[in-house]
Amino acid sequence: MLCSICNKNKATIHYKTVTNGVAKEMHLCSECAGEMGIGDKHIDLFGDAFNFNSILNQLFSTDDKKLSSINGLKCSGCGMDFNMFNSTGLLGCDKCYDVFAEQIETMLQKTQGATSHNGKISGADREKIKKRNEIRELKSSLQKAIYEEKYEDAAVLRDRIKDMEKGGEDIV
């Protein structure tokens, strides 16, 4: 893509502004960007915010009580502790997934907005997978309803789960 200003050089900076709901996008070469005052000083605009380790540290920042219990976590397989995982963002072995499961789930929830995939399902087992996922969601809702003491809702959910597990098709 060529620079929007000079139409000669390759655009290396893509600059987008939104003013009063109107988006304006420019593709600039480094020379034209420098002349406009857009360039290296804007690249570090967020400092370390896009550093993966920094993101992990922000995600796992927590109060002192939680932190002391988390700091005690250590993988029996490779010896990795939470501080090492938190600073590197890397897990040492397959057992680390079990040891740090809660922290990983928290991180995924904060970064991805969900901890399960909700995309398309392909293949011959599509309907089975959809049904299994729906039952899993209903069971989660059932646990929440019980916790919140919404027993009428819990009974309805329980019945829907039973019908689905039997293969009943009369589910709305």
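Coordinates for the structure precede this section.
To keep things clear, this report deals only with the structure shown in the data block. Remember, predicted model here, so these are calculated numbers, not experimental data.

In this fold, Ala 114 is placed in the loop between helix 7 (101-112) and helix 8 (126-147). Ala 114 sits in the partly exposed class, given a relative accessible area of 26%. For Ala 114, the contacting residues outside a window of four places in its chain are Leu 108 and Gln 109.

Here we take up unusual backbone geometry. Here Asn 7, not a glycine, exhibits a phi torsion of approximately 55 degrees, which is positive. Tracing the chain through its elements places Asn 7 in the segment before strand 1 (13-19). With phi around 60 degrees, Glu 149 is a residue other than glycine that occupies positive phi space. Residue position: Glu 149 is located in the loop between helix 8 and helix 9 (151-166). Overall, Glu 149 belongs to the exposed group, its relative accessible area being 57%.

Moving on, we get to the pattern of salt bridges. Within the structure shown, the criterion is met by 4 salt bridges. A salt bridge links Glu 148 to Lys 150; the shortest N-O distance between them is 3.3 Å. Under the relative-accessibility criterion, Glu 148 is labelled partly exposed at 37%. You can call Lys 150 partly exposed: its relative accessible area is 39%.

Thresholds applied
- Within any chain, residue numbers begin from 1 and follow the written order of that chain's sequence.
- Two thresholds apply to this predicted model, a pLDDT of at least 70 for residue-level local features and 80 or more for giving and counting side-chain atom pairs, whereas whole-chain, interface and lining totals are computed over all residues.
- Note: side-chain values were computed over all heavy atoms of the structure, leaving out hydrogens and water.
- Runs of E in the DSSP output that reach at least two residues are strands. Runs of H or I that reach at least four are helices, and both are numbered from the N terminus.
- Throughout this description, buried means an accessible area under 20% of the type-specific maximum (1.4 Å probe, protein chains only), exposed means over 50%, and partly exposed covers the range between.
- Note on contacts: a residue pair is in contact if any heavy atoms of the two residues lie within 4.5 Å.
- Salt bridge, as applied in this entry: a Lys or Arg side-chain nitrogen positioned within 4 Å of an Asp or Glu carboxyl oxygen.

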